[in-house]
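Tertiary structure, described
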Amino acid sequence: MATYSSRNRESPNILLTGTPGTGKTTLGQELALRLDMQYVNVGDVAKEKELYEGWDEDYQCPVLDEDRVIDEMEEIVNNGGCIIDYHSCEFFPERWFDIIFVLRTDNSVLYNRLQQRGYSGRKLQDNIQCEIFQTILDEARSSYLPSIVFPLASNCPDDLETNIDKIKDYIERWKASKEQI
Ligand code: ADP
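Counting starts from 1 at the beginning of each chain's written sequence and moves along it residue by residue. Side-chain atom pairs in this predicted model are given and counted only at pLDDT of 80 or more, local residue features only at pLDDT of at least 70, and totals for whole chains, interfaces and linings cover all residues. Side-chain numbers come from the whole structure's heavy atoms, not from hydrogens or water.

Details of the overall build of the chain
Counted only if it meets this: Helix and strand assignments come from DSSP, with helices taken as H or I runs of at least 4 residues and strands as E runs of at least 2, each series counted from the N terminus. Radius of gyration means the value over C-alpha atoms here, while the globule rule gives 2.2 Å times the residue count to the 0.38 power. In this analysis, two residues are considered to be in contact whenever any of their non-hydrogen atoms come within 4.5 Å of each other. To measure how exposed things are, a 1.4 Å probe is used in the Shrake-Rupley method; for residues, cover is taken only from the protein chains shown.
A count of helices and strands for the chain gives seven helices and seven strands. Its helices and strands taken in sequence order, the chain reads β-α-β-α-β-β-α-β-β-α-α-α-β-α from the N to the C terminus. What you see for the chain is a C-alpha radius of gyration of 16 Å, in line with the 16 Å of a compact globule of 181 residues. If one aligns the C-alpha atoms of the chain with their principal axes, the spans along those axes are about 50 × 40 × 30 Å. Long-range contacts, defined as pairs at least 24 residues apart, comprise 72% of the intrachain contacts of the chain with a sequence gap of at least 6. Entry remark: accessible area of the chain is about 10100 Å², with carbon and sulfur atoms responsible for 45%.

This is how it looks when you write it as structure tokens:
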């Protein structure tokens, strides 16, 4: 199988990760629209193709078959220009991503968003704790080069606009740095 790296792509692959409810889907879809990139929601890919390997009794949800998800997405991702959305990040191949953004939301704001989504009990508490302990940010920093991992505040509509501008800027700089090679 051919080995791909960022050298093969003209547009970067971006991972949007963070605790559920921090706004990955909202930001990812808006970015894809405005920057003409491909938005890929990993949860939706898994659901559509039934890429599961069991059932989690604690959370009452299917368990992702990570190897099959990677196989399914490999070709799309290798083309570059993808915005990948998932609430975890350590199982993806490191070579896939050029820039990683970890969305962060204040606890009270996140609590309300998850409650509105119908989360309660342990599922709600565990997700709030995940955000308090910055679990996903630590996971991203330990799984990828810390120099490509950036936290982004995601509390209000102004943050959404600021984040879109920041990401546009990162993409332009990424493209400029490639042209110099
Ligand atoms: P995720 O994909 O991380 O689970 P969503 O994009 O589905 O999160 O967002 C969760 C909720 O928060 C949605 O109701 C969405 O409209 C809202 N939301 C997302 N980003 C923002 C933001 N920047 N300001 C205000 N509300 C937001």
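Observations regarding the pattern of salt bridges
Put simply, the rule is: The salt bridge criterion pairs a side-chain nitrogen of Lys or Arg with a carboxyl oxygen of Asp or Glu, the two atoms within 4 Å. Note on classification: 1.4 Å probe, protein chains only; a residue is buried when its accessible area is under 20% of the maximum for its type, exposed when over 50%, partly exposed between these limits.
Under the defined criterion, the tally for this structure stands at ten salt bridges. Residue Glu74 pairs with Arg95 through a salt bridge whose shortest N-O separation is 2.8 Å. On the criterion of sequence distance, the pair formed by Glu74 in helix H3 (residues 66-78) and Arg95 in the loop between strand S5 (82-85) and strand S6 (99-104) is long-range, its members being 21 residues apart. Here Glu74 falls in the buried class, since its relative accessible area comes to 12%. Looking at Arg95, the relative accessible area reads 34%, which means it is partly exposed. Arg104 is the salt-bridge partner of Glu131, the closest N and O atoms lying 2.9 Å from each other. Of the two residues, Glu131 sits in helix H5 (residues 121-132) while Arg104 sits in strand S6, which places them 27 residues apart along the sequence.

A look at the packing of aromatic side chains
So the rule is basically this: The criterion for an aromatic pair is that two Phe, Tyr or Trp rings (for Trp, the six-membered ring) have centres within 6.5 Å, with stacked assigned to planes under 30 degrees apart, edge-to-face to planes over 60 apart and tilted to the rest. We count a charge as sitting over a ring when the NZ of a lysine or the CZ of an arginine lies within 6 Å of the ring centre and within 35 degrees of the ring normal.
Here the structure, examined in full by the defined rule, presents ten aromatic pairs. Here Phe92 and Phe97 contribute two aromatic rings whose centre-to-centre distance is 5.5 Å and whose plane-to-plane angle is 90°, an arrangement assigned as edge-to-face. Here Phe92 falls in the buried class, since its relative accessible area comes to 4%. Positioned over the ring face of Tyr59 is Arg122, at 5.4 Å from the centre of the ring. Positioned over the ring face of Tyr119 is Lys123, at 4.5 Å from the centre of the ring.

Brief notes about unusual backbone geometry
One non-glycine residue, Asp36, lies in positive phi territory at about 55°. Structurally, Asp36 can be placed in the loop between helix H1 (24-35) and strand S2 (38-41). Given the relative accessible area of 72%, Asp36 is considered exposed. The backbone phi angle of Glu50 is positive, close to 55°, even though this residue is not glycine. Locating Glu50 in the fold gives a position in the loop between helix H2 (42-49) and strand S3 (52-56).

Quick word on the nonpolar core
In plain terms, the rule: Each nonpolar core is a collection of buried residues, namely Ala, Val, Leu, Ile, Met, Phe, Trp, Tyr and Cys, held together in the definition by side-chain atoms within 4.5 Å.
One finds Met73, Ile84, Phe92 and Ile100 to be the most contacted residues of the largest nonpolar core, which totals 28 residues. Among the secondary structure elements, those contributing two or more residues to this core are H2, H3, S5, S6 and helix H6 (135-143). At four residues, the largest contribution of residues to this core is made by H3. Once residues lying within four places of it in the same chain are set aside, the contact partners of Phe92 are Leu15, Val42, Ile70, Tyr86, Phe97 and Tyr144. Grouped together as the second largest cluster of nonpolar side chains are 16 residues, Ala32, Ile83, Phe101 and Leu103 included.

The values are spatial; any link to function lies outside them.
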